[in-house]
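Residue-level listing of the chains:
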Amino acid sequence: MHQYKGRLIIHTGSMFSGKTSSLEKDVKRFKIAGYNTIAFKPIVDSRYSKNEIVTHDLTYMNAILVKSIYEIVEYCDELKPDVIAIDEIQFLGGKLEDILDGINQFLKIGCTIIVAGLDMDYTGKPFEVIKELMPISDYLYKHHAVCAKCGVDAWVSHRKSDDMERIKVGTSDEYEPLCRKCFLEENKKENR
Ligand SMILES: Nc1ncnc2c1ncn2[C@@H]1O[C@H](COP(=O)(O)OP(=O)(O)O)[C@@H](O)[C@H]1O
Ligand SMILES: Cc1cn([C@H]2C[C@H](O)[C@@H](COP(=O)(O)O)O2)c(=O)[nH]c1=O
Ligand SMILES: [Zn+2]
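About the cut-offs
Residues numbered from 1 in each chain as written. Chains lettered and ligands numbered in written order. Predicted model: local features only at pLDDT ≥ 70, side-chain atom pairs only at ≥ 80, totals over all residues. Heavy atoms only, no water. UniProt positions renumbered as here; feature names shortened; annotations may be inferred. Buried < 20%, exposed > 50% of the residue type's maximum accessible area, 1.4 Å probe, protein only. Helix = DSSP H or I, 4+ residues; strand = E, 2+ residues; numbered from the N terminus. Arc of directions from axis to C-beta. Contact = heavy atoms within 4.5 Å. Pairing = 2+ DSSP bridges. Axes fitted to C-alpha atoms, helices over the stretch in contact; angles between N-to-C directions. Donors = N, O, S within 2.8 Å, 3.2 Å for Na, K, Ca; no water. Tetrahedral: all angles 85-135°; square planar, octahedral: opposite > 155°, others 65-115°. Near = heavy atom within 4 Å. Polar contact = N/O pair within 3.5 Å; in protein donor to acceptor, adjacent residues only side chain to side chain. Nonpolar A, V, L, I, M, F, W, Y, C, P; charged D, E, K, R; others polar. Areas by Shrake-Rupley, 256 points an atom, 1.4 Å probe, with all protein chains shown as cover. Phe/Tyr/Trp six-rings, centres within 6.5 Å; stacked < 30°, edge-to-face > 60°. Lys NZ or Arg CZ within 6 Å of the ring centre and 35° of its normal.

Within an unreviewed UniProt entry, the label attached to the chain reads Thymidine kinase, and the organism entered is Anaerosalibacter massiliensis. One UniProt comment on the chain, placed under Sequence similarities (unreviewed entry), says "Belongs to the thymidine kinase family." Annotation of the chain in UniProt includes, under Catalytic activity (unreviewed entry), the sentence "thymidine + ATP = dTMP + ADP + H(+)".

Shown next, in the form of structure tokens:
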């Protein structure tokens, strides 16, 4: 009955790799299994929708928009879910140590957490929150998109524009998934 009590499930990889689709699928299965499940999404990512998690295939799931881990803790103190899903965790506000502490507290009291988030930014640098959560996860899934240049498994999200800020919300207008070889070739062309 309690196979999924206090487990940390991570869906990571590049953009378009199916992280959000996998999180949505997990949430649906937990709901079918009778778990009280709540999904959260950091407010910064309002690409397609305001209070829904949306995949690149445009499938939707209701979510509570939050700015930070502190809001998630407040909601969960009140709603007492069995399962908490957090999409786009790389955008979640709050100090990194507080995010990790919040997640560990939920796990300790038996909540299961499903997170989806990028492992690396457009330069290939790890997003800190995923980097810290990976070793403590129970289930870790690294997903792969198809390289937009050559068709093998993609490794990273390449930014098509010259913008250098780390956080820049966008979709296929702004990013493409590339394998390591194609990423290095593109960066060489762009003198990055
Ligand atoms: N190059 C690509 N490789 C794989 N899937 C792609 C690609 N471009 C678009 N897609 C679409 O993206 C979907 C995955 O979307 P989503 O779950 O939102 O991914 P993520 O959350 O990892 O960005 C796939 O099912 C597919 O339809
Ligand atoms: C690589 C990279 C991405 N982003 C943004 C672009 C999108 O809005 C999200 C990722 O969404 P997905 O569901 O994983 O496709 O993150 C960014 O801000 N900075 C980056 O370096
Ligand atoms: Zn390639």
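S.K.: Report on helix α5 (residues 180-189), specifying residues and quantitative values.
M.R.: Three or more residues of α5 are buried, namely C182, F183, E186 and N187. Around the axis of α5, the buried residues are gathered within 135° of arc, so they sit on the same side. With respect to the buried face of α5, the exposed residues turned more than 90 degrees away are K181, L184, K188 and K189. Against β9 (156-159) and β10 (175-178) lie the buried residues of α5.

S.K.: Before we move on, could you go through the sheet that holds strand β7 (residues 112-118) and cite the residues and values that matter?
M.R.: Pairing is parallel across the open sheet formed by six strands, whose spatial order is β5-β2-β6-β7-β1-β8. Only two strands of the sheet have a single neighbouring strand rather than two, namely β5 (64-66) and β8 (139-143). Each adjacent strand pair in this sheet contributes to an overall mean axis angle of 20°, direction not counted. Across four bridges, the pairing between strand β2 (residues 37-42) and strand β6 (residues 83-86) is parallel. Bridging from a neighbouring strand, A39 pairs with A85 of β6. Sheet contacts for helix α1 (residues 19-32): β1 (8-13), β2, β6, β7 and β8; angle to β7, the most-contacted strand, approximately 165°.

S.K.: I'd love a proper account of the coordination of the zinc ion (ligand 3), names of residues and values included.
M.R.: The coordination sphere of the zinc ion (ligand 3), as far as protein atoms go, consists of C147 (SG), C150 (SG), C179 (SG) and C182 (SG), spread over 2.3 to 2.4 Å. Around the zinc ion (ligand 3), the four donor atoms are arranged such that angles at the metal cover 101 to 117°; this shape is classified as tetrahedral. Each donor residue of the zinc ion (ligand 3) lies on one chain, and together they are spaced C-x2-C-x28-C-x2-C.

S.K.: Describe the site of ligand 1, with residues and values.
M.R.: The environment of ligand 1 is formed by 14 residues, the closest being F16, K19, S21, D57 and V146. Between an oxygen atom of ligand 1 and a main-chain N or O atom of H56, the distance comes to 2.8 Å. V146 has a polar backbone atom sitting 2.8 Å from a nitrogen atom of ligand 1. Each residue belonging to the shell around ligand 1 can be placed in one class, and the counts come to five nonpolar, seven polar and two charged.

S.K.: Can you explain the site of ligand 2? Please cite residues and give values.
M.R.: Near ligand 2 lie 21 residues; those nearest to it are K19, H56, Y122, R166 and K168. One of the side-chain N or O atoms of H56 is found 2.7 Å from an oxygen atom in ligand 2. R166 places a polar main-chain atom, nitrogen or oxygen, 2.7 Å from a nitrogen atom of ligand 2. The protein chains hide 99% of the 490 Å² of surface that ligand 2 would expose on its own. Elements with a contribution of two residues or more to the shell around ligand 2: α1 and β9. A class-by-class count of the residues in the shell around ligand 2 yields eight nonpolar, five polar and eight charged.

S.K.: I'd like a description of the packing of aromatic side chains, backed by residues and values.
M.R.: For the structure shown, the criterion picks out three aromatic pairs. Relative to Y35, the ring of F30 lies with its centre 5.2 Å away and its plane at 85°, an arrangement referred to as edge-to-face. A relative accessible area of 16% places Y35 in the buried class. Stacked on the ring of Y122, the Lys or Arg R159 has its end atom at 3.9 Å from the ring centre. Sitting over the ring of W155, R180 keeps its end group 4.4 Å from the ring centre.

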